[in-house]
Amino acid sequence: GHGGVPLIENCLARFHCSTYAEYEAGDHYIFVGRVERFEHAREDDPLVFYKGAYMILAQSLRELANDGRMSMPALIEARMNVYGILLKLACLKGSAEDFDEIEANLNTMEALKQRGDMAIRARAALDFFNLITQAAHNDVLSIVAQSLRTLMHHAVNTQAAEMTWPAMHQPELTPLRRRMLECLRARDQEGALAAMETY
């Protein structure tokens, strides 16, 4: 490769770098590279190193889903349990700004009432739970929730293509989302969980 560096086979991508800087860090050195050349070798899901661990959770969940070993009821049950914990944490750790973002999301979602808006509205509903995740301020659970959200997003898109408009439009969920937000602002964990279970 560039500068005579050895190339690793069967990787997703290669970055050919020259040394930009070198720093002593305890018992090792940190090298910062300047990318001189880049090759995208093959299409696949990359392995990501995040906060001290390799991210393989999303890949494992996708494999279960693709192999037909993950049912929608199991996905919904997992989602309810994970978001139950996130709701409790959001009640404890969420800020007024976090709750204002959730309210802005609800206002946007509730304005989407037309037949052609339903797929966008469904994605906004997933964003509602994403904002609850952010309000919980827990990186580990955020990773789990992100993986579940990816699978739910895929399921929602599939359902949106198959469901009729009356089946997709569920205005009865609106007061439950509002109730969850109200409980978050009041730091009422039990009320938030009750609204989540009904939802």
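Residues numbered from 1 in each chain as written. Predicted model: local features only at pLDDT ≥ 70, side-chain atom pairs only at ≥ 80, totals over all residues. Heavy atoms only, no water.

(A) Looking closely at the overall build of the chain. Scanning the chain for helices and strands turns up 8 helices and 4 strands. Beginning at the N terminus, the succession of helices and strands in the chain can be written as β-β-β-β-α-α-α-α-α-α-α-α. Taking all 199 residues of the chain together, the buried fraction comes to 31%. Within the chain, residue pairs in contact and separated by at least 24 positions form 65% of the contacts whose partners lie at least 6 positions apart. Roughly 12,500 Å² of accessible area belongs to the chain as shown, and the carbon and sulfur atoms make up 54% of that amount. (Helix = DSSP H or I, 4+ residues; strand = E, 2+ residues; numbered from the N terminus. Buried < 20%, exposed > 50% of the residue type's maximum accessible area, 1.4 Å probe, protein only. Contact = heavy atoms within 4.5 Å. Areas by Shrake-Rupley, 256 points an atom, 1.4 Å probe, with all protein chains shown as cover.)

(B) Quick look at the nonpolar core. Judged by nonpolar contacts, the single largest core of 31 residues is most densely connected at Leu86, Ile102, Phe128, Ile132 and Leu184. For this core, the secondary-structure elements that each account for two or more residues are α2 (72-93), α3 (96-110), α4 (118-136), α5 (139-162), α7 (174-186) and α8 (189-198). (Core = buried A, V, L, I, M, F, W, Y, C linked by side-chain atoms within 4.5 Å.)

(C) Seen up close, the pattern of salt bridges. Per the stated rule, a full pass over the model turns up 7 salt bridges. For Glu103, the salt bridge identified is with Arg185, shortest N-O distance 2.8 Å. Note that Glu103 is positioned in helix α3 and Arg185 in helix α7, a separation of 82 residues in sequence. Under the relative-accessibility criterion, Glu103 is labelled partly exposed at 29%. The class for Arg185 is partly exposed, based on a relative accessible area of 36%. (Salt bridge = Lys/Arg side-chain N within 4 Å of Asp/Glu carboxyl O.)

(D) Representation of the side chain of His16. Position of His16 among the secondary structure elements: in strand β1 (residues 13-25). Overall, the relative accessible area of 3% leaves His16 in the buried class. Polar contacts involving the side chain of His16 include one to the side chain of Glu39, which spans 3.2 Å. (Polar contact = N/O pair within 3.5 Å; in protein donor to acceptor, adjacent residues only side chain to side chain.)

(E) Inspection of a nonpolar patch on the surface at higher detail. Nonpolar side chains collect at one region of the surface, where Tyr20, Tyr23, Ile30 and Val32 lie side by side and expose about 400 Å² of accessible area between them. Mapped onto the nonpolar patch, the elements with two or more residues apiece are β1 and β2 (28-40). Within the element layout of this structure, Tyr20 appears in strand β1. (Patch = residues over 30% accessible without salt bridge, like charges linked within 9 Å, V, L, I, M, F, W, Y side chains within 5 Å.)

(F) Expanded view of the packing of α3 against α7. For the pair α3 and α7, interaxial distance at closest approach is 10 Å and the crossing angle is 170°. When the axes of α3 and α7 are compared, the pair comes out roughly antiparallel. Where α3 approaches α7, its residues Ala96, Phe99, Asp100, Ile102, Glu103, Leu106, Asn107, Met109 and Glu110 are matched on the opposing element by Thr174, Arg177, Arg178, Leu181, Leu184 and Arg185. Partitioning the contact of α3 with α7 into residue classes produces 7 nonpolar, 2 polar and 6 charged. (Axes fitted to C-alpha atoms, helices over the stretch in contact; angles between N-to-C directions. Parallel < 35°, antiparallel > 145°, perpendicular 65-115°, else oblique. Nonpolar A, V, L, I, M, F, W, Y, C, P; charged D, E, K, R; others polar.)

(G) Region of interest: the packing of aromatic side chains. Taken as a whole and judged by the stated rule, the model has 4 aromatic pairs. Taking the centre distance of 5.0 Å and the plane angle of 75° together, the rings of Phe128 and Phe129 count as edge-to-face. Across this residue pair, the class does not change: Phe128 and Phe129 are buried. Consider the rings of Phe129 and Tyr199, whose centres lie 5.4 Å apart with planes at 65°: the pair is edge-to-face. Of this pair, Phe129 sits in helix α4 while Tyr199 sits in the segment after α8; the two residues are 70 residues apart in sequence, bridging distant segments of the chain. The class for Phe129 is buried, based on a relative accessible area of 1%. Against the face of Phe129 rests Arg79, its NZ or CZ located 4.3 Å from the ring centre. (Phe/Tyr/Trp six-rings, centres within 6.5 Å; stacked < 30°, edge-to-face > 60°. Lys NZ or Arg CZ within 6 Å of the ring centre and 35° of its normal.)

Bear in mind that shape data such as this cannot, by itself, settle questions of function.
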